[in-house]
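Here are the chains, one letter per residue:
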There are 6 protein chains.
Amino acid sequence: MSGSIVVINPNSNQAVTDGLDAALAPFRLEGAPAIECVTLTEGPFGIESQLHSDQVVLPLARLVEARSDAAAFVIACYSDPGIDACRAISPVPVFGIQESGVLAALARADRIGIVAISDASERRHRLYMRRMGVSARIAGERALNMSVDESARGAGTFDRLLEVGGALIGDGAEALVLGCAGLATHRTRLEAALGLPVIDPTQAAVADALGAVLAARL
Amino acid sequence: MSGSIVVINPNSNQAVTDGLDAALAPFRLEGAPAIECVTLTEGPFGIESQLHSDQVVLPLARLVEARSDAAAFVIACYSDPGIDACRAISPVPVFGIQESGVLAALARADRIGIVAISDASERRHRLYMRRMGVSARIAGERALNMSVDESARGAGTFDRLLEVGGALIGDGAEALVLGCAGLATHRTRLEAALGLPVIDPTQAAVADALGAVLAARL
Amino acid sequence: MSGSIVVINPNSNQAVTDGLDAALAPFRLEGAPAIECVTLTEGPFGIESQLHSDQVVLPLARLVEARSDAAAFVIACYSDPGIDACRAISPVPVFGIQESGVLAALARADRIGIVAISDASERRHRLYMRRMGVSARIAGERALNMSVDESARGAGTFDRLLEVGGALIGDGAEALVLGCAGLATHRTRLEAALGLPVIDPTQAAVADALGAVLAARL
Amino acid sequence: MSGSIVVINPNSNQAVTDGLDAALAPFRLEGAPAIECVTLTEGPFGIESQLHSDQVVLPLARLVEARSDAAAFVIACYSDPGIDACRAISPVPVFGIQESGVLAALARADRIGIVAISDASERRHRLYMRRMGVSARIAGERALNMSVDESARGAGTFDRLLEVGGALIGDGAEALVLGCAGLATHRTRLEAALGLPVIDPTQAAVADALGAVLAARL
Amino acid sequence: MSGSIVVINPNSNQAVTDGLDAALAPFRLEGAPAIECVTLTEGPFGIESQLHSDQVVLPLARLVEARSDAAAFVIACYSDPGIDACRAISPVPVFGIQESGVLAALARADRIGIVAISDASERRHRLYMRRMGVSARIAGERALNMSVDESARGAGTFDRLLEVGGALIGDGAEALVLGCAGLATHRTRLEAALGLPVIDPTQAAVADALGAVLAARL
Amino acid sequence: MSGSIVVINPNSNQAVTDGLDAALAPFRLEGAPAIECVTLTEGPFGIESQLHSDQVVLPLARLVEARSDAAAFVIACYSDPGIDACRAISPVPVFGIQESGVLAALARADRIGIVAISDASERRHRLYMRRMGVSARIAGERALNMSVDESARGAGTFDRLLEVGGALIGDGAEALVLGCAGLATHRTRLEAALGLPVIDPTQAAVADALGAVLAARL
């Protein structure tokens, strides 16, 4: 299996794709499958509503279908849009970053907290985690309430992450998931500052993809 | 973080350690952390009872404490013995293969089945998965009812895996976890034969460890 | 609130819409809101896969948006496609027939069984019911394994319903939900033959819509 | 099926029955089953304790048995007293307003809040909702802490409803159930003021009854 | 606290009360509270339906109120009739034999099975155990399908217990609860024959009562 | 069965054993099995960490094996160390005080609160109660944050118990469990002061043991 891991940014903002690409640099290893980050050009500039999330499903499925050379896919939007459709049509593993991020956190601590970008996504995440059957492990979800764009570059993002992370610790969280594809650069520093595991969900999904592809080499 | 991933076989059977070592070959990559498989010499020859599982906890904890150079640990016995103790004392991530194996399967399918070595461990696994809060996702657990030793080398193992895997599919399983550290060599063939994802738990835990160590490089 | 209840058949098979229309005849009452059955012309001829379900979401949302005169909407496909999107944009209540059908059955009995059209939808329904948080009340789901078309008209449908309903009673079901928009004509006879409540989900959703609209008249 | 829907007020306060009757006016439709509100003359003046709730069970069951002409029954006290007994003896559907109210709210929002009359009933409701298996969907319950009588007529009731409803929104409620048979006149105004669905449970149960009776006409 | 433990047989069959009295002989100890078995003369001859269960609530509450000298009460019918009412009015602990029997079994094994007298009570027990929040621990319930009377004296009872107990073991039960007040004489022999803990619920409730009364002596 | 109930203090602090002995005085009854409190001399002076808890497992198992004359065992440390191992090897019932304490509280109230000695054990208790499958009944856990030693003798202990118990009532607790083997002397006074049932877990486990041993005498 010599295909690459195809990480799809379902919004059409190339800067987000570039950020993903940078965040995944440590996962690019000699001999390991390549990690290719692609932009879903049909996607909206940002996925900030249920409708945005729904409208990328068919283009995502088409992209997955077209990339029959891939060894695995990662859908790099925290709503895991199109996960069911892509899995239904893909012969190779498809990972959603919400699912992988949450599961990675569950391997590090008992109760976990989710740092969302905005309150608007809390309900969507809650329903998804209940569907996953892991609600007993969720200490809480709290939002930065910044736009994706602002959170990705703003100087105040780290301070706000510290504040929201601290509140989640107060809720009982013993590990955190960054509920967005664009916060990876803060992960290591936030983990050190808060003293608990912090999971970047895109890294988690790529680790899952790597695990699946490498396992198949035995 | 230049330490290696230390995979501990908590029984004293060096052949099992050697098997782990071989199964993890695909995860040894240029530039990635080394993967070191060690035998817990104080362990029993096989871990086949609750008491066996309990008696390795302190030696495991001592080994973890001694290896302050490690980047991450994997406890490679499907009972995840000593996971709480090792996590309490280790500054680096500690993964148990049962936990990682189950979580990896949950990233591949909705309901999963566990292939155990013997009926004797079913109750222990059930309590552990209930403690994990993921019982809603478990389709069933069925045992090969072979000794660890026999299962590791016996010619009939693959046929028995097919039979038990098929029964779990009948129970509703959409992915399988091999509930033992010594079945990795059958994974790829079983996956192909049964047509659903099959997870080797040691590989899953090492993928988790790899993910944690690589993420920290950003 | 003088608008009508708009029941949307998300597939483009007008015969299905006509069947819905006929099944809802008893709910058309002097003084009550009108019940209008419309066909989603952009829909596939039948919704039989995850992709079919996903591809109707945007057209459904557009239809809901266009019908700003409606008093309530019913999405009349048992997968409840687009329910989140339609709710997010509609100022009036939106009901999905799976959700309403299951809840109506829960008001009639403790443990309920679902009669699906085909095995292919079982996983989708299971995830949806887990997301609803009502899994403890589900005795089982079993499929007729007929095509939607065949089930809607075939002479053997009633016999197959009897058989599958009987099996669900054996699973512990005390009420049944017909997991399809096109089985309403069998409801009364099946209920009598099996001796337990049988819910047609479109009727259930329309009753919910009627309840919401009438309540607002006080 | 030409019988009427018999709504039983299990307390002996005729003013409460008259209130129910008025609240159900919109559900009286030409051609639909009649809705008859009756007072359980053997009931206490108000049902405010566990014992009150228990003492109406046998009289309720006798009334249900006597009204063999009914098409459906609604037990219009939020404790759903006698629901099991009445269902066991009645050949037609019996709805309890707590059960129907909660289920109606679940068809409108994910997490719901209950507005109780007094703290004394919180435990009873909690046990009933756990028995229903829907606890995952309950955001909270808060009490007006007014007597039934006071709440039914007092000028301050609406203000108190606003206050308690707002607190439940703070708890995460996305829809509210009025946990009492006598608050229907406030429903529409409260819904508008709070901006989320508010369910009157008697209306919800009558809608369920209407749905069951009309479905049987096909 | 010198009062006695009052064990109430809520049916009016004095032979059942005498059986309880005999089964509790080992719990009568020098210095311990007396154990007094009383018959609820207003009760039906046997409690075999929901209505029977409901009709004893008020007489039970009156008896509890009258016996203000008691140190604790045990309601010795496996439906735990009137448990909420009696607790609401009694200043001393009230135990129901279903609740105590189930909890005692949970202290002996992970998954437990219930031996019911008849299928008719299965639904009632299931709802009660779900209300208790312990459903995850229930392997199954199966009925002898004998009358209370027959089961209490019939020669075939033990053989039927063996058969039903064996089936529950097949369902995964690791301990059994005898779901009836009149099977105590079979307990020890059944436990020996099946090789797992068997709980007589009246003995379990009396042990709970004894524990509560003795604890208060410190 | 004439053996005694052997209560094992798994720490090596004889003062703790003496305290247990005193707390169990009311359970010593003429004709009942003797209650023998023994100190695990190999244990640490106090069990205050995961490692402490793990290190007593093997010595506990050996002690249980050696005392083949016992009628039942009670492991008198609130972490229930070694409960699985001891049960696996003992032919007689083994009770853990956490399990028995929680179950005893569940027989007295719906939602219960746990008074822990220190925050450090909260996670361990939470995982254990989730494994027990009773999380739906837990209102909360709060810690005294005193050392075991200090809590056992300090003058301020009762005031701190009142304060923490009051906070748990605020969390919704309707009964309390003292989450430590050394607080029994405060039980009766605390119960009176707070007005709700307070369970000493060692007394609860001994009551369970008494129940099991006496039941076997019939």
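Residues numbered from 1 in each chain as written. Chains lettered and ligands numbered in written order. Predicted model: local features only at pLDDT ≥ 70, side-chain atom pairs only at ≥ 80, totals over all residues. Heavy atoms only, no water.

Attention now moves to the interface of chain B and chain A. Counting from both sides, the interface comprises 36 residues of chain B and, opposite them, 36 residues of chain A. The interface formed by chain B and chain A contains 0 salt bridges. Where chain B touches chain A, the interface holds 8 residue pairs in polar contact (both at pLDDT 80 or more). Broken down by secondary-structure element, the contributors of at least two residues to the side of chain B that touches chain A are helix H1 (14-23), strand S4 (94-96), helix H5 (97-106), helix H9 (187-194) and helix H10 (201-215) of chain B. Sorting elements by how many residues they give to the side of chain B that touches chain A places H10(B) first, with 8 residues. Residue classes in the side of chain B that touches chain A are distributed as 22 nonpolar, 6 polar and 8 charged. (Contact = heavy atoms within 4.5 Å. Salt bridge = Lys/Arg side-chain N within 4 Å of Asp/Glu carboxyl O. Polar contact = N/O pair within 3.5 Å; in protein donor to acceptor, adjacent residues only side chain to side chain. Helix = DSSP H or I, 4+ residues; strand = E, 2+ residues; numbered from the N terminus. Nonpolar A, V, L, I, M, F, W, Y, C, P; charged D, E, K, R; others polar.)

Let us now look at the interface of chain B and chain E. Taken together, the contact between chain B and chain E spans 4 residues of the former and 5 residues of the latter. Regarding the contact of chain B and chain E, the summed buried area is about 370 Å², with carbon and sulfur atoms giving 35% of it. When the area that chain B buries against chain E is broken down by residue, the three leading residues are B:Arg123, B:Arg126 and B:Arg130, summing to 93%. At the junction of chain B and chain E, the tally comes to 4 salt bridges. For the side of chain B that touches chain E, the per-class residue count stands at 1 nonpolar, no polar and 3 charged. (Buried area = accessible area lost by both parts, 1.4 Å probe.)

For the rest of this paragraph, the subject is the packing of helix H5 (residues 97-106) of chain A against helix H10 (residues 201-215) of chain A. The geometry of a pair of packed helices is captured by two quantities: the angle between their axes and the separation between those axes. Residue and element names in this part refer to chain A. Taken N-terminus to C-terminus, the directions of H5 and H10 make an angle of 90°; their axes are 8 Å apart at the nearest point. The angle between H5 and H10 falls in the class roughly perpendicular. Here Ile97, Ser100, Gly101 and Ala104 of H5 come into contact with H10, specifically with Pro201, Thr202, Ala204, Ala205 and Asp208. Residue composition of the contact of H5 with H10, grouped by class: 5 nonpolar, 3 polar and 1 charged. (Axes fitted to C-alpha atoms, helices over the stretch in contact; angles between N-to-C directions. Parallel < 35°, antiparallel > 145°, perpendicular 65-115°, else oblique.)

Expressed as a screw transformation, the operator carrying chain B onto chain E has a rotation angle of 120° and an axial translation of 0.0 Å, and the superposed copies differ by an RMSD of 0.0 Å. Viewed as a symmetry operation, the transformation between the two copies matches a three-fold axis. Considering only C-alpha atoms, the part of chain B nearest the rotation axis is B:Ala136, at 5.7 Å. (Least-squares fit on C-alpha atoms with pLDDT ≥ 70 in both.)

On to the packing of aromatic side chains. Tallying each qualifying case throughout the model produces 0 aromatic pairs over all chains. Sitting over the face of the ring of A:Phe158, A:Arg189 holds its NZ or CZ atom 3.7 Å from the ring centroid. (Phe/Tyr/Trp six-rings, centres within 6.5 Å; stacked < 30°, edge-to-face > 60°. Lys NZ or Arg CZ within 6 Å of the ring centre and 35° of its normal.)

Moving on, we come to the relation of the copies chain B and chain A. The two chain copies are connected by a rotation around an axis plus a translation along it. Between the two copies, chain B and chain A, the superposition gives an RMSD of 0.0 Å; the rotation angle is 180° and the shift along the axis is 0.0 Å. Expressed as an axis order, the relation between the two copies is that of a two-fold axis.

Our focus in this paragraph is the sheet that holds strand S2 (residues 35-39) of chain C. Residues and elements named next belong to chain C. Across the sheet, which stays open at both edges, the 4 strands sit in the order S2-S1-S3-S4 with parallel pairing between neighbours. Each of the sheet's edge strands pairs with one partner strand only, and the pair in question is S2 and strand S4 (94-96). Shown here is a sheet whose adjacent strand axes are inclined to one another by a mean of 20°, direction ignored. Pairing between strand S1 (residues 5-9) and S2: 5 bridges, direction parallel. By the bridge assignment for S2, Asn9 is matched with Thr39. Together, S1 and S2 form the strand contacts of helix H1 (residues 14-23), whose direction differs from that of S2 by roughly 170°. Running over the sheet, helix H10 (residues 201-215) touches S1, S2, strand S3 (72-75) and S4 and is turned about 155° from S1. (Pairing = 2+ DSSP bridges.)

One finds E:Val7 and F:Val7 to be the most contacted residues of the largest nonpolar core, which totals 122 residues. In this structure F:Val7 touches F:Leu20, F:Leu24, F:Ile35, F:Glu36, F:Cys37, F:Val38, F:Val74, F:Ala76, F:Thr202 and F:Val206, once residues within four positions along its chain are discounted. One finds A:Cys77, A:Ile112, B:Cys37 and B:Ile112 within the second-largest nonpolar core, a separate group that totals 121 residues. (Core = buried A, V, L, I, M, F, W, Y, C linked by side-chain atoms within 4.5 Å. Buried < 20%, exposed > 50% of the residue type's maximum accessible area, 1.4 Å probe, protein only.)

Moving on: helix H3 (residues 57-66) of chain C. Buried within H3(C) are the following residues: C:Val57, C:Pro59, C:Leu60, C:Ala61, C:Leu63 and C:Val64. Residues of H3(C) that are buried in the fold lie against helix H2 (50-55) of chain A together with S1, S2, helix H2 (50-55), S3 and helix H4 (83-89) of chain C.

Our next topic: the pattern of salt bridges. Any two side chains of opposite charge can pair, so long as their charged atoms come close to each other. Scanning the model with the defined rule gives 84 salt bridges over all chains in all. Here D:Glu174 makes a salt bridge to A:Arg126, at a shortest N to O gap of 2.7 Å. Taken together, the residues span two chains, with D:Glu174 in the loop between helix H8 (157-170) and strand S7 (175-179) and A:Arg126 in helix H6 (residues 122-132). Judged by its relative accessible area of 13%, A:Arg126 is buried. Residue F:Arg126 pairs with F:Glu122 through a salt bridge whose shortest N-O separation is 2.8 Å. Highlighted residues: F:Arg126 and F:Glu122, both in helix H6 (residues 122-132), separated by 4 residues, approximately one helical turn. Of the residues examined, F:Glu122 reaches a relative accessible area of 27% and is grouped as partly exposed.

At no point do chain B and chain D touch; the closest pair of C-alpha atoms across them sits 14 Å apart. In this assembly chain A lies apart from chain E, the nearest approach of their C-alpha atoms being 14 Å.

In the structure shown here, the tally under the stated rule is 8 cavities of 30 Å³ or more. The calculated volume of the largest cavity comes to roughly 690 Å³. If you trace the largest cavity, you find 34 residues lining it, with D:Asp54, D:Asp84, D:Arg131, E:Asp84 and E:Arg131 closest to the centre. The residue inventory of the lining of the largest cavity, partitioned by class, reads 12 nonpolar, 10 polar and 12 charged. (1 Å grid on protein atoms, 1.4 Å probe; cavity = no way out; pocket = protein on both sides within 12 Å on 5 of 7 lines; lining within 4 Å. Points joined across faces, edges and corners; volume = space filled by probe spheres on them.)

Okay, the sheet that holds strand S6 (residues 138-143) of chain A next. Residue and element names in this part refer to chain A. Read across the open sheet, the 4 strands follow the order S6-S5-S7-S8; overall the sheet is parallel. Both outer strands of the open sheet, S6 and strand S8 (198-199), are each paired with one neighbouring strand and no more. Relative to S8, strand S7 (residues 175-179) runs parallel, the two being bridged by 2 bridges. Directly across from Val177, in S8, lies its bridge partner Ile199. Across the sheet, H6 lies against strand S5 (112-116) and S6, angled at about 160° from S6, the strand it touches most.

A word on the domain arrangement of chain A. Where interface size is given, it is often the accessible area lost as the parts come together that is meant. All names here are of chain A. Here chain A is partitioned into domain 1 (5-96 + 203-215) and domain 2 (98-200). Each side of the interface is counted separately: domain 1 has 19 residues, and domain 2 has 22 residues. Each partner contributes to the roughly 1700 Å² buried at the junction of domain 1 and domain 2, and carbon and sulfur atoms together form 45% of this total. Our count for the contact surface shared by domain 1 and domain 2 stands at 2 salt bridges. The closest approach of N and O atoms between Asp84 and Arg131, which form a salt bridge, is 2.9 Å. Applying the counting rule to domain 1 against domain 2 returns 13 residue pairs in polar contact (both at pLDDT 80 or more). Mapped by element, the contributors of at least two residues to the side of domain 1 that touches domain 2 are helix H1 (14-23), helix H4 (83-89), strand S4 (94-96) and H10. (Domains from an automatic or database assignment.)

As a further point, take the side chain of B:Asp110. In this fold, B:Asp110 is placed in the loop between H5 and strand S5 (112-116). For B:Asp110, the side chain forms a polar contact with the side chain of C:Arg126, separated by 2.5 Å. Residues in contact with B:Asp110, not counting those within four places in the same chain, are B:Arg137, B:Glu174, C:Arg123, C:Arg126, C:Leu127 and C:Arg130.

All names here are of chain B. Its place among the elements puts Leu162 in helix H8 (residues 157-170). For Leu162, a relative accessible area of 29% corresponds to the partly exposed category. Note: C-alpha distance between Leu162 and Leu190 (28 residues apart in sequence) is 6.8 Å. Apart from residues no more than four positions distant in its own chain, Leu162 is found in contact with Leu190, Ala193 and Leu194.

Quick look at the pairing of strand S3 (residues 72-75) of chain B now. All names here are of chain B. Residues of S3 alternate between two faces, with Ala72 and Val74 on one and Phe73 and Ile75 on the opposite face, all of them buried. Where strand S1 (residues 5-9) meets S3, 4 bridges bridge the pair, whose relative direction is parallel. Residue pairing across strands places Val7 opposite Val74, the latter belonging to S3. One crossover worth recording links S3 to the parallel S4 by way of helix H4 (residues 83-89), and it is right-handed. (Right-handed = clockwise from strand over helix to strand, strands pointing away.)

This brings us to unusual backbone geometry. Despite not being glycine, B:Asn145 shows a phi value in the positive range, around 55°. Within the secondary structure layout, B:Asn145 lies in the loop between strand S6 (138-143) and helix H7 (148-153). By relative accessible area, which is 45% here, B:Asn145 ends up partly exposed. Backbone geometry places F:Asp80, a non-glycine residue, at a positive phi of 50°. Secondary-structure assignment places F:Asp80 in the loop between strand S3 (72-75) and helix H4 (83-89).

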